[in-house]
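Architecture at a glance
Letter by letter, the chains look like this.
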Amino acid sequence: MDKQLSLSFDNTAIAFESKTNRALKKADFLFSSMGKPWLVKLGGALTPLAFKLKLPIKGLIRNTIFSQFCGGESLEEAAQTAQALVKYHVGVALDYGVEAMEGEENYDKAVPEFIKAIGYAASKPGIPFIAIKVTGFARFSLLEKLHEGAPLSPQEREEFTRVQNRISAIAEAAAKHKIGLLIDAEESWIQQPVDDLADDLMARFNKEHVIIYNTFQLYRHDRLSYLQKSFDKAQKGGYLLGAKLVRGAYMEKERKRALEMGYPSPIQPNKEATDHDYDAAVRFCMERLDRLGVFIGTHNEDSSMLAASLMDKQKTPHQHPHVNFSQLFGMSDNITFNLAHAGYHVSKYLPYGPVKDVMPYLLRRAQENTSISGQVGRELGLIRRELKRRAL
């Protein structure tokens, strides 16, 4: 019998095997709340205000939305969460979820933190990846200027050299410890310098192993062709491409800016076009696994099943080092745990950091779950089916 037929994302016993009855009921309450857009909107407005007024809300947040979507407040707490997932053959991609603090001093301070996290990840099982954002190490307006191709002043050139050195130091640590470094995508109007940095690092560190991954947001209509160009560039440069495939995170912001500034939107015209390009990108990568590594970051069941089916079709071992699946911690456990159960490499994107500092991330998760058509309904349906199966 074809192994692939036994993979299903509907098996709730496997999906929630790591969840206690209490945790499952808590998730049910949380996703029910997220299904109410007015409540999410109200929470988004009141939470920053409550922190500003020093109201004692940290405990409430920590025990609800924070514990659902974050691994802990510190690296050590995140590692404990990772340990709990290792039992189920699920790895983690550590993501310091604090929004970038501007200023050279803050950028410099962030570097040893990431190097420490890489060393820590290497000493523990189940932490194969670390995620970084270039905006955590560089001034947004500097990246904007570079993207536009505007000439830099001597001071700005020095500033950008410091940015390159920061990212390079982190990449060197990742290469030394053989930890995958996922470079997150940014807004389209600062993406070019991020792509250039990623390409330079891949040329240096992806000779034998895929260490550096650039992120391709397929909700942009130009990214499928950019993935193909990046692969050709890697071929010519004699290195392996690292491709993290996601749909995307800045849709409303991108469309609004394009409209206000009167240029064509970089975003796909509809969801079908995004799905088409995402699956085409998956196919493109699956056909070239000897020359690239792919990190399939998606909550879409069809895309996940497509990748798994292609692997079986071309007799690629489930544990192939160049294929990794991933979902955000706290979401789509039905995909993560069923893939892990079937022997695929799969990890959770695991943000961590002080509660107050990761609030922008958490509010985005809540808004995203409210706005993604059917996401909350799907999560709730699976949770409730499992509660029923456990007769709770």
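Anything mentioned here points back to the structure above.
Attention in this report is confined to the structure presented alongside it. (Residues numbered from 1 in each chain as written. Predicted model: local features only at pLDDT ≥ 70, side-chain atom pairs only at ≥ 80, totals over all residues. Heavy atoms only, no water.)

**A closer look at the overall build of the chain**
Looking only at helices and strands, the chain features 16 helices and 8 strands. In terms of C-alpha radius of gyration, the chain reaches 21 Å, essentially the compact-globule figure of 21 Å for 392 residues. Along the longest, intermediate and shortest principal axes, the C-alpha atoms of the chain span 65 × 60 × 45 Å. The 392 residues of the chain split such that 54% are buried. In the chain, 52 side chains carry a positive charge and 47 a negative one; their mean positions are 5 Å apart. (Helix = DSSP H or I, 4+ residues; strand = E, 2+ residues; numbered from the N terminus. Rg over C-alpha atoms; globule rule 2.2 N^0.38 Å. Buried < 20%, exposed > 50% of the residue type's maximum accessible area, 1.4 Å probe, protein only. Lys, Arg positive; Asp, Glu negative; His and termini not counted. Charge placed at Lys NZ, Arg CZ, Asp CG, Glu CD.)

**Section: the pairing of strand β1 (residues 91-96)**
Most of β1 sits out of view: 5 of its 6 residues are buried. Bridge count for β1 against strand β2 (residues 129-132) is 3 bridges, and the pairing is parallel. The residue of β2 that forms the bridge with A93 is F129. (Pairing = 2+ DSSP bridges.)

**Quick look at helix α5 (residues 75-86)**
Every α-helix winds through 3.6 residues per turn, so residues three or four apart in the chain are directed the same way. Look at α5: 16 Å from first C-alpha to last across 12 residues, which is about the 16 Å you get at 1.5 Å a residue. Next to the buried residues of α5 lie β1, α6 (104-123), α14 (333-341) and β8 (346-352). (Expected span 1.5 Å × (residues − 1). Contact = heavy atoms within 4.5 Å.)

**Regarding empty space enclosed by the protein**
In total, this model carries 1 cavity of 30 Å³ or more according to the counting rule given. Of the pockets and cavities examined, the largest cavity occupies roughly 40 Å³. Around the largest cavity, the lining residues are F16, K19, A27, F31, Q68, G330, M331, S332, D333, E379 and I383. For the lining of the largest cavity, the elements supplying multiple residues, two or more each, are α2 (21-34) and α16 (375-389). Among the residues forming the lining of the largest cavity, the class breakdown is 5 nonpolar, 3 polar and 3 charged. (1 Å grid on protein atoms, 1.4 Å probe; cavity = no way out; pocket = protein on both sides within 12 Å on 5 of 7 lines; lining within 4 Å. Points joined across faces, edges and corners; volume = space filled by probe spheres on them. Nonpolar A, V, L, I, M, F, W, Y, C, P; charged D, E, K, R; others polar.)

**Here's the deal with the pattern of salt bridges**
Summed over all chains, the structure comprises 29 salt bridges. Taking the shortest distance from any N to any O, the salt bridge between D184 and K244 comes out at 2.9 Å. Residue D184 is located in the loop between β3 (180-183) and α9 (191-205), and its partner K244 is located in strand β5 (residues 241-246); the two are separated by 60 residues in the primary sequence. Per residue, the accessibility class of D184 equals that of K244, and both read buried. The shortest N-O distance in the salt bridge between D199 and K233 comes to 3.1 Å. With a gap of 34 residues between them, D199 in helix α9 and K233 in helix α10 (residues 223-237) connect regions that are remote in the sequence. On the basis of relative accessible area, K233 is assigned to the partly exposed category, the value being 43%. Salt bridges sharing common partners tie together K58, R62, E73 and E77. (Salt bridge = Lys/Arg side-chain N within 4 Å of Asp/Glu carboxyl O.)

**Focus: the packing of aromatic side chains**
As enumerated under the stated definition, the model contains 13 aromatic pairs in all. Residues F216 and Y226 carry aromatic rings whose centres are separated by 5.9 Å and whose planes lie at 40 degrees to one another, so their mutual orientation is tilted. Taken together, the residues span a long stretch of sequence, with F216 in strand β4 (residues 212-217) and Y226 in helix α10 at a distance of 10 residues. Note on Y226: relative accessible area 13%, which makes it buried. Between the aromatic rings of F231 and F284, the centroid separation amounts to 5.6 Å while the plane-to-plane angle is 90 degrees, which identifies the pairing as edge-to-face. Taken as a pair, F231 in helix α10 and F284 in helix α12 (residues 271-286) lie far apart in primary sequence, 53 residues in all. A relative accessible area of 10% means that F284 is categorised as buried. Over the aromatic face of F231 sits the side chain of R288, whose NZ or CZ is 5.6 Å from the ring centroid. Residue placement shows R288 over the ring face of F284; its charged tip is 3.8 Å from the ring centre. (Phe/Tyr/Trp six-rings, centres within 6.5 Å; stacked < 30°, edge-to-face > 60°. Lys NZ or Arg CZ within 6 Å of the ring centre and 35° of its normal.)

**Focus: the layout of surface pockets**
In this structure, the second largest pocket spans a volume of roughly 710 Å³. Around the second largest pocket, the lining comprises 25 residues; the ones closest to its centre are K19, A23, S67, T81 and F329. Of all the secondary structure elements, the ones that give two or more residues to the lining of the second largest pocket are α2, α4 (58-69), α5 and α14. Here the lining of the second largest pocket is composed, by residue class, of 8 nonpolar, 10 polar and 7 charged.

Function cannot be read off these values alone, since they describe shape.
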